[in-house]
Every structure is written in structure tokens, then in C-alpha cells.
Amino acid sequence: TASYQLQAYLYSAGVPCPETENGFCDGFTCDYNTGECQCPATRLWRDCSFEASTLIKNGPQQSDVLAVDNTKYFLIDISEADIRSLKNILVTVNVNNPDDATPVVLAKFNDLPFPNNLNAFDDHDLLSTFYHDSTHQILLDADELADNGAGSWYVAVNNPEESTANLTYSIATIFSSS
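Below or above, wherever it landed, is the structure these notes cover. This is a predicted model, so every value here is computed, not measured.

Our next topic: the sheet that holds strand β10 (residues 104-109). The mixed open sheet is built from six strands, whose spatial order is β5-β6-β8-β13-β10-β11. Strand pairing shows two members of the sheet lacking a second neighbour, β5 (43-44) and β11 (123-124), which therefore form its edges. Bridge analysis of β10 against strand β13 (residues 151-159) gives six bridges, and the strand direction is antiparallel. Pairing of Val 104 across the sheet is with Asn 158, part of β13.

With that settled, consider the nonpolar core. Judged by nonpolar contacts, the single largest core of 24 residues is most densely connected at Ile 76, Ile 89, Trp 153, Val 155, Val 157, Tyr 169 and Ile 171. At the level of secondary structure, the elements contributing two or more residues to this core comprise β8 (70-78), β9 (88-95), β10, β12 (135-140), β13 and β14 (167-176). Once residues lying within four places of it in the same chain are set aside, the contact partners of Ile 76 are Leu 55, Lys 57, Ile 89, Val 91, Gly 151, Ser 152, Trp 153, Val 155 and Thr 173. In this structure, Leu 44, Ala 52, Leu 112 and Tyr 154 belong to the second largest nonpolar core, which totals seven residues.

Another point: the sheet that holds β14. Strand order in the open sheet formed by four strands is β7-β14-β9-β12, and the pairing between neighbours is antiparallel. Two strands lie at the open edges of the sheet, namely β7 (62-66) and β12, each paired on one side alone. Taken over all neighbouring pairs, the strand axes of this sheet differ in orientation by 20 degrees on average, direction set aside. Looking at chain direction, β7 and β14 are connected through five bridges and run antiparallel. The partner of Leu 66 across the bridge, within β14, is Leu 167.

Turning our attention to the state of the cysteines. In this structure the tally under the stated criterion is three disulfides. Disulfide pairing is shown between Cys 17 and Cys 30; the S-S distance is 2.0 Å. In this structure, the disulfide formed by Cys 17 and Cys 30 twists by about 85 degrees around the S-S bond and is classed as right-handed. With Cys 17 in the segment before β1 (19-20) and Cys 30 in strand β3 (residues 29-31), this residue pair connects regions lying 13 residues apart in the sequence. Put simply, Cys 39 and Cys 48 are joined by a disulfide, and their sulfur atoms are 2.0 Å apart. With the S-S dihedral at roughly -90 degrees, the linkage between Cys 39 and Cys 48 falls on the left-handed side. Assessed through its relative accessible area of 0%, Cys 48 is described here as buried. Indicated for the protein chain is the disulfide connectivity 1-3, 2-4, 5-6, based on numbering the bonded cysteines in sequence order.

Rules used in this analysis
Residues numbered from 1 in each chain as written. Predicted model: local features only at pLDDT ≥ 70, side-chain atom pairs only at ≥ 80, totals over all residues. Heavy atoms only, no water. Pairing = 2+ DSSP bridges. Helix = DSSP H or I, 4+ residues; strand = E, 2+ residues; numbered from the N terminus. Core = buried A, V, L, I, M, F, W, Y, C linked by side-chain atoms within 4.5 Å. Buried < 20%, exposed > 50% of the residue type's maximum accessible area, 1.4 Å probe, protein only. Contact = heavy atoms within 4.5 Å. Axes fitted to C-alpha atoms, helices over the stretch in contact; angles between N-to-C directions. Disulfide = S-S within 2.5 Å.

Right, dumping it as C-alpha cells:
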């Protein structure tokens with residue numbers, strides 16, 4: 001004998017959103033008219049499946065350990081008031097084991113900076129990766145912030161497959177005029 005299970009989804013307008021193991025849009029809102037997910041700022045990509053931790057401007061540093069061939073994403077919210085202040089944002093990643101782990105740090109405005117696509121980002125610190133520096137920095141200057149407007153900057157910290165160890169690091173932001 002054979003047994004079958006049939007599962008059917010009904011859509012208001014007939015357009016499904018991307019689905020993960022947590023459901024459509026990783027459990028967040030799906031617009032069935034367009035087939036697009038309405039992800040909160042802390043969730044990225046077309047199916048909301050990438051999580052981003054919020055970096056608070058001038059806030060406490062966050063520390064983490066990242067396995068080889070893994071990426072962690074961070075979010076920096078920029079308001080109109082931030083832009084009018086004419087201040088810069090300096091993102092600093094301090095690496096505790098630069099000889100064994102060679103992180104790639106990328107930033108992109110309102111989108112996911114994929115570390116495997118080095119053409120798809122707005123800012124980077126690739127020289128620090130090349131020289132195995134213990135400090136990686138990305139400067140989002142006042143002009144760059146103004147050019148992009150209010151929104152979200154996403155920062156990716158990637159421990160590429162070429163690394164020989166887990167990446168132990170801390171990340172913080174400084175929001176200042178110098």
C-alpha cells in the first residue's frame with residue numbers, strides 16, 4: 001500500500017513569498033499581492049532569513065566568536081538628524097587572532113553585503129584583510145551618509161574558508177565629527 005500526504009497553500013492574490021523552514025518570509029509578513037517579504041530592519045534578504053544585530057552609535061562593543069566560513073551581520077540605523085549632524089561613523093573590528101583568522105569586513109546601504117561577492121558592497125577594509133591586521137575599520141563619512149540618506153547600513157564580518165581558526169573579535173561604532 002502507498003500513502004500520500006497533500007499539502008496546499010492558498011494565496012490571496014496567488015503569489016507566494018520565499019519560504020524557509022520557519023514558513024513564508026521566515027515567519028515575518030508576506031505581501032501576497034507582490035510575493036515579497038516585508039522584513040524588519042534586523043532581518044535581511046528576500047526571505048528575511050539573515051539576522052542582523054543592531055550596532056548602537058557610540059554604544060558598547062560587542063564580542064563574538066565566528067566559525068570558519070561563516071558571516072555575522074550588523075545593522076546601523078541612520079536618521080535624518082544623524083545626517084544633519086554632519087558626523088561620521090567609524091566601524092572598528094578588533095581581531096584577537098589575526099594570524100589564524102583573516103576576516104573580511106564589508107558595508108552596504110539598505111542591502112546585504114555578501115562576502116562572497118566582492119562587487120556587491122559600498123565600503124570595505126580589504127587591505128586589513130590582506131595584511132592580517134588586528135584592527136579593521138570602515139569609515140562611513142558624513143558625505144557618504146548624506147548621499148545615501150536615512151536608512152540602514154549593514155556591516156558583514158566574514159571569517160572566510162581560507163582562515164585556519166575561528167575568528168574571535170569585537171565590533172563597535174564611533175559617531176563623531178572627527
